[in-house]
Amino acid sequence: MDSLITAAAHALAQGDPLGALKRVALRNDAPALALRGTAMAQLGDFDRARILLRSAARAFGPSEAVARARCVLAEAEIALVSRDLGWPTKALDAARETLEARGDRVNAAHARYLEARRQLLFGHLDKAEQTLAGLDPANLPPAFSAMHELIVAGVAMRRVKLPQDSPRGG
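Residues numbered from 1 in each chain as written. Predicted model: local features only at pLDDT ≥ 70, side-chain atom pairs only at ≥ 80, totals over all residues. Heavy atoms only, no water.

Q: Tell me what's going on with the side chain of Thr131, and back it up with residues and numbers.
A: For Thr131, the location among the structural elements is in helix H8 (residues 125-133). Ignoring anything within four residues of it in the chain, the contact list for Thr131 reads Arg112, Glu115, Ala116 and Gln119. (Helix = DSSP H or I, 4+ residues; strand = E, 2+ residues; numbered from the N terminus. Contact = heavy atoms within 4.5 Å.)

Next comes the structure, spelled out in structure tokens:
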């Protein structure tokens, strides 16, 4: 990676999408497109982010399957956040399989968490629990532990049943 790409990636990791854009705004190579797409997503411009991520995925060569899978993963997260629930899950599954096969365990876990969150949104509680069962957040970055617990809490809340004669109102 060249120094501008590295600096832009560090800026994104620090939560500075504008700093990242400053470094790669005029570039159209695949890594720059991916970083611009991620920056635009952090800024809330999901439509532009999707376009950039799709362009990046197409621009990465055949030997860069992991980079393409990461673009698909980012696009899937944008779809989930923007409640585009019609987004094709087969693409996320394929990306996860690629990431797992290539040893990118953190991004593969991220894909599984996205899958569990989507299952939770659809009310597929058993499937969400099964997806979580295959994940050990202790071996992942701290943010994943929080994501794991939020999904567990979401499943638990949806399983709570109110008694029929429970007084409601206030």
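Still to come is the rest of the account.
Q: Go over the pattern of salt bridges with me, naming the residues and quoting the values.
A: On inspection of all chains with the given rule, the structure shows eleven salt bridges. Residues Asp2 and Arg27 are paired through a salt bridge, measuring 2.7 Å at the closest nitrogen-oxygen approach. Placement of Asp2 in the segment before helix H1 (3-13) and of Arg27 in the loop between helix H2 (17-24) and helix H3 (30-42) is noted, with a sequence separation of 25 residues between them. In this structure, Arg50 and Asp84 form a salt bridge, with 4.0 Å as the shortest nitrogen-oxygen distance. Note that Arg50 is positioned in helix H4 (residues 46-59) and Asp84 in the loop between helix H5 (65-81) and helix H6 (89-101), a separation of 34 residues in sequence. Connected via shared salt-bridge partners are Arg96, Glu100, Arg112 and Glu115. (Salt bridge = Lys/Arg side-chain N within 4 Å of Asp/Glu carboxyl O.)

Q: With reference to specific residues and values, describe H2.
A: For H2, every residue scored as buried is listed here: Pro17, Gly19, Ala20, Leu21 and Val24. Here the buried face of H2 lies against H1 and H3. (Buried < 20%, exposed > 50% of the residue type's maximum accessible area, 1.4 Å probe, protein only.)

Q: An account of the environment of Ala76 is requested, with residue identities and associated values reported.
A: Of note, Ala76 is situated in helix H5. With near-sequence residues (within four places) excluded, Ala76 lies in contact with Trp87, Leu92 and Leu114.

Q: A description of unusual backbone geometry should follow, citing residues and the corresponding values.
A: Notably, Arg83 is not glycine yet its phi reads approximately 60°, a positive angle. With respect to the helices and strands, Arg83 occurs in the loop between H5 and H6. What makes Arg83 exposed here is its relative accessible area of 51%.

Q: Run through the nonpolar core, naming residues and quoting values.
A: Ranked by size, the top nonpolar core spans 24 residues in total, and within it Val24, Leu35, Ala56, Phe60 and Cys71 carry the most contacts. Among the secondary structure elements, those contributing two or more residues to this core are H1, H2, H3, H4 and H5. With residues up to four places along the chain from it excluded, the contact list for Leu35 reads Ile5, Ala8, Ala9, Leu12 and Val24. (Core = buried A, V, L, I, M, F, W, Y, C linked by side-chain atoms within 4.5 Å.)

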